[in-house]
Every structure is written in C-alpha cells, then in structure tokens.
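Notes for the structure review
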Amino acid sequence: MSSVYDLIVIGSGPAGQRAAIYASKLGKKVALVEMREVVGGACISTGTIPSKTMREAVLHLSGYNYKSIYGMNYRVKERITMADLAFRVQHVIKTEIDVTEAQLSRNNIEMLVGVASFEDETHVKVTNSRGSTVYEAKNILIGTGTKPASSPKVPINGRSIINSDLVLELVNLPKTMIIVGGGVIGVEYTCMFSALGVRVTLIERRPRLLEFADQEIIEALSYHLRDSRVTMRLNEEVESVEEMPDGTVVANLESKKKVQGDALLYAVGRQGNVDELNLAAVGIEADSRGRIPVDKDFRTKVPHIFAVGDVIGFPSLASVSMEQGRVASARAFGDDNVLSNPGLYPYGIYTIPEISFIGKTEEQLTEEDVPYEVGVAYYREIARGQIRGDTTGRLKIIFHRMNHLILGVHIIGEGASELLHIGQAVMALGGKLDYFVDTVFNYPTLAECYKVAAFNGLNRVSKFE
C-alpha cells in the first residue's frame, strides 16, 4: 500500500484538475484517479471541448457568419461531412490532453488509472486491467462528472438513435434530425445541425427553452431557430422511439403526433457518475439523478469527503466546476481566504448565435420587487457588427433605477461569451451604468454596445425624472 496521500481526487475533469493542482501548490501529496486512459474527463473527451470545437468547425465550413454579406448560398466547403467535423475535433482534443498531462506532471500530481470505489472513509480502491490497489487519504474529493441520461423509451443504438457522447460517431450527416431535449446540450446541437442545413425538429416538454435564462434573450434565440427552419415542438413529451425498416427514426409523442427523421439525438439531462463509487461504504447517498448533496464548502455529510463539478448538479459549467474544485481544495486544508461569489459566475451557452449572461434576469428582479430598468444595444447599430456580418445580436444591461448599479448583463450574438466579461468586471467592482457612459471604447468594437446600451437605459430613466 502506498503512503498516505493528503488528497485523493476522483475524476480528472476541470473540477478535479483544479482541486489537485491547488492542493499541490500548498505542498500537499496528491493523487488523481481517472478511469480513462487519458486525462480531462468528459469535458475533453465527449463534452465541452468536442462540442465547442464542432461548433467552430460548423461556423467556418458553413460560412454561417458571412451569409448576410456574401449571400445565403455562401459556403467554405460545399459538401460538409461528419469526417470534416471530427478532424478538427480530434486535433483539439489531442492538444488539450497534452496540455493537461503536462500541467499535472509539472505539479507533481500522481496519476492513478482505473475505476475508483470507496472501501471506507479514508481508503479508495482503484481497479484496472492489472488488478486492484487500495490507497489511503486524509481527504477525498469526488469530481466524477456526469454521463448522458438514458430512458427506456429511447433505445440508443449508436447508429440512428444517439446521445450527446455519440454525435461524432454518426457516419453521415443526416438530412433530417429529431432532437429530444431543449436544455443547453439539445439546443446547442440543434443550432449546429441547422447551420449545416439539416432540417431539425426540437422536442421539449416545457413551454420554453432554457428557462433559467432571460426570457427576451431566449425569445430572440427561438426566432433565429425558426428562421433557420427548425421546427419546435414545445410542451410535448416523447412516448416512444422506434427505428423503421428503412433506417429512419420515428418519435411517437404523447399527444399522438409522430415525428420522423433520419436520426434522433436524445439530450434530456445527464446522470451523475456515481454507480461505481460504492458510496454506501461511507454513508453518502446520491439522489435519483446521481447528484451528491454538499454544503457551501462542498463537503458531503462526511466532513473530509468533498464533491464538486457536474456531479453536484446545477449549473454544470466547466468554468464553475474549476472554481468549485479550487474552493473545496482550499477548505480541505483549512484555507478560508479563498472566496468565490456565485452571483458573479458567468454563463455561456454556445448556441448559434451564442448567449452569455451574468447576474439577475428581468423575471427574477420582478419577482423580488426590485425597481430596475434596462438599456439595450443592437449589433446592427454598431460598426463592428456590420463589419462582422452579425446584425442580429443584442446586449442588454439591467440596472437599478435609483442608484444605477448593474444588476445583470445579457447578450446574444457572436462573441457574447467574451464580451460579457467587461460587464462582469464592472459588476464585481460595484460599478454603475455611468461607468459605461464615461468610458472610451476602441472603435470599431462590439464593446461599444455597453456605451450604447447605457445611453439607452439612461434615456428611459430620464423621462421619469
């Protein structure tokens, strides 16, 4: 048996990496367990990195961003194949794995390959093709992430009926596609496939897409989806899915409608990777979706066992998972100086056009009886928007009517996830709307949207003063 580790991290995704590296920088002895032969977890192998890389390939090859300038028939490549998309994805995955391995090695983190399971509260068994070894640790952190949820109604076959892990294994680009699930993953893939000219039908059981985001922004996205010839079936539930003799797929809805397509992507939620952990050995229970309950410091009911990342549930963002890993690692070793404010976490949704936001939505502020006003700028009003060919984007600042404090920033349009960080910095420093009025932005840039939106907001307030 190896000597006692100060920290064993289970899972090498963004949360596990940051936790391990932070502990190592504190001079602790750290081991990182990963069931795959490569590091990075689902984030690098099947999740964030592949899907966002695929999105970039789609935008480039389809010429999507330049159709408003060069015409709707403009394309960089006439016949785009799944192999074209996979080529770029595999290149980026390999680079990210190399970078991650180098970073872990540089920080003297011991890698253990295999499936981890608890023996008791201080011992973890790691099993691989060579057998099993038990390791001891003073602290243990669970960052095992999630996998696509399954349903008996949807028989995944890896050919015509797939989940998000299997998208790049499609042999051919389908002409028509059914996507079940209007959450982040389902909507992102809906946008990608529709940009490639695939006729997509999106089925969602709720009355609107992405309910946690600002309604006006989602209405704008829904408009763009319909304009891209996406058929949205909202308030609809799938009763069963069947593969037809000709290889096509039929989704039977509870409303007795039938939807047919060449392929079906099932993207209804994700399930925590807890099945192999033997949580019962330490008295920890996950809920029906495999989520592990934790306190504000990410401790489970066992004080020296922590859980972070997607396995604890919403918001399930790689960026937030990294921060959770850092905070949990600090708390494990008595460092209370590492502070993080969830109210300032940015959200990035890589739809087409992309969405990013921070702070409160109009719906939340209305419910809380906060007196607010909004200022809006449209990309079409900004020279950079015209130059880039993006005339559909918009930036919305929500601010307090009385003191002009920034309460939220919501953006839809290309570059939204980058542009948002200007608003994030101003909010974090307690800035007010007047900051944007008085600040000089480079010209032409999309950052000018902040100044235009600020003037728009002040004009609305001044009418009542």
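In this text the structure is predicted, and so the values were computed from the model without any measurement.

The next subject is the layout of surface pockets. Quantified by volume, the second largest pocket comes out at close to 890 Å³. Lining the second largest pocket we find 29 residues, and of these Y64, N65, K67, M72 and S228 sit closest to its centre. Only α3 (48-62), α4 (67-70), α6 (184-195) and α7 (215-227) provide two or more residues apiece to the lining of the second largest pocket. If you tally residues by element for the lining of the second largest pocket, the top one is α3, at four residues. Across the lining of the second largest pocket, the residue classes tally to seven nonpolar, 11 polar and 11 charged.

Another aspect to go through is the UniProt feature "binding site: NAD(+)" (unreviewed entry) in the protein. The residues that UniProt annotates with the feature "binding site: NAD(+)" (unreviewed entry) are G181, G182, G183, V184, I185, G186, V187, E188, E204 and G269. The named residues occupy 89 residues along the chain; their greatest pairwise C-alpha distance, 13.6 Å, places them in one compact cluster. With respect to the element layout, G181 can be found in the loop between β9 (176-180) and α6. A relative accessible area of 5% places G181 in the buried class. Non-local contacts of G181, meaning those with residues more than four positions away in its chain, are made with G186, V187, L202, I203, E204, A267 and V268. Classification of I185 by relative accessible area gives partly exposed; the value is 25%. Leaving out residues up to four positions away in the same chain, I185 has contacts with S164, A267 and R270.

Judged by nonpolar contacts, the single largest core of 98 residues is most densely connected at I8, M54, L85, F118, I142 and F193. Listed in part, the 28 residues of the second largest apolar core include A377, I411, Y450 and A454.

Attention now goes to the sheet that holds strand β22 (residues 406-412). With antiparallel pairing, the five strands of this open sheet are ordered in space as β18-β19-β22-β21-β20. Of all strands in the sheet, those with a lone pairing partner are β18 (347-349) and β20 (372-378), marking the two edges. Recorded for the sheet is a direction-independent mean angle of 15 degrees between the axes of neighbouring strands. Pairing between β18 and strand β19 (residues 355-359): three bridges, direction antiparallel. Looking at β19, one finds that G348 is bridged to S356. With respect to the sheet, α7 is in contact with β19, β21 (394-400) and β22, its orientation differing from that of β22 by roughly 5 degrees.

For α6, which comprises 12 residues, the first-to-last C-alpha distance of 17 Å matches the rise-based estimate of 16 Å (1.5 Å per residue) to within 8%. Burial of α6 is extensive: 10 of the 12 residues sit out of reach of the surface. Burial in α6 covers these residues: G186, V187, E188, Y189, T190, C191, M192, F193, S194 and A195. Where the residues of α6 are buried, they touch α3, β9, β10 (199-204), α7, β15 (263-266) and β18. At the exit of α6 stands G197, carrying a positive phi of roughly 95 degrees.

Within this numbering scheme, the UniProt entry marks K52 and D310 as carrying the feature "binding site: FAD" (unreviewed entry). Topologically, K52 is positioned in helix α3. Setting aside chain neighbours within four positions, we find K52 in contact with E188 and Y350. The topology assignment puts D310 in the loop between β17 (305-307) and α8 (318-332). Classification of D310 as partly exposed rests on a relative accessible area of 24%. Beyond its immediate stretch of four places on either side in the chain, D310 contacts G145, T146, S316, L317 and S321.

Right, let's talk about the side chain of T53 for a bit. Mapped onto the elements, T53 comes out in helix α3. Of the residues examined, T53 reaches a relative accessible area of 8% and is grouped as buried. Here the side chain of T53 touches I49 through a polar contact of 2.6 Å, landing on its backbone oxygen. Residues in contact with T53, not counting those within four places in the same chain, are R88, V89 and V92.

On to the sheet that holds β9, then. Ordered in space as β8-β15-β9-β10-β11, the five strands form an open sheet in which the pairing is parallel. The sheet is open, and its two borders are formed by β8 (161-163) and β11 (231-234), each paired with just one other strand. Adjacent strand axes in the sheet meet at a mean angle of 20 degrees, parallel and antiparallel pairs treated alike. For β10 and β11, the ladder comprises four bridges, and the chain directions are parallel.

Cut-offs applied
Residues numbered from 1 in each chain as written. Predicted model: local features only at pLDDT ≥ 70, side-chain atom pairs only at ≥ 80, totals over all residues. Heavy atoms only, no water. 1 Å grid on protein atoms, 1.4 Å probe; cavity = no way out; pocket = protein on both sides within 12 Å on 5 of 7 lines; lining within 4 Å. Points joined across faces, edges and corners; volume = space filled by probe spheres on them. Helix = DSSP H or I, 4+ residues; strand = E, 2+ residues; numbered from the N terminus. Nonpolar A, V, L, I, M, F, W, Y, C, P; charged D, E, K, R; others polar. UniProt positions renumbered as here; feature names shortened; annotations may be inferred. Buried < 20%, exposed > 50% of the residue type's maximum accessible area, 1.4 Å probe, protein only. Contact = heavy atoms within 4.5 Å. Core = buried A, V, L, I, M, F, W, Y, C linked by side-chain atoms within 4.5 Å. Pairing = 2+ DSSP bridges. Axes fitted to C-alpha atoms, helices over the stretch in contact; angles between N-to-C directions. Expected span 1.5 Å × (residues − 1). Polar contact = N/O pair within 3.5 Å; in protein donor to acceptor, adjacent residues only side chain to side chain.

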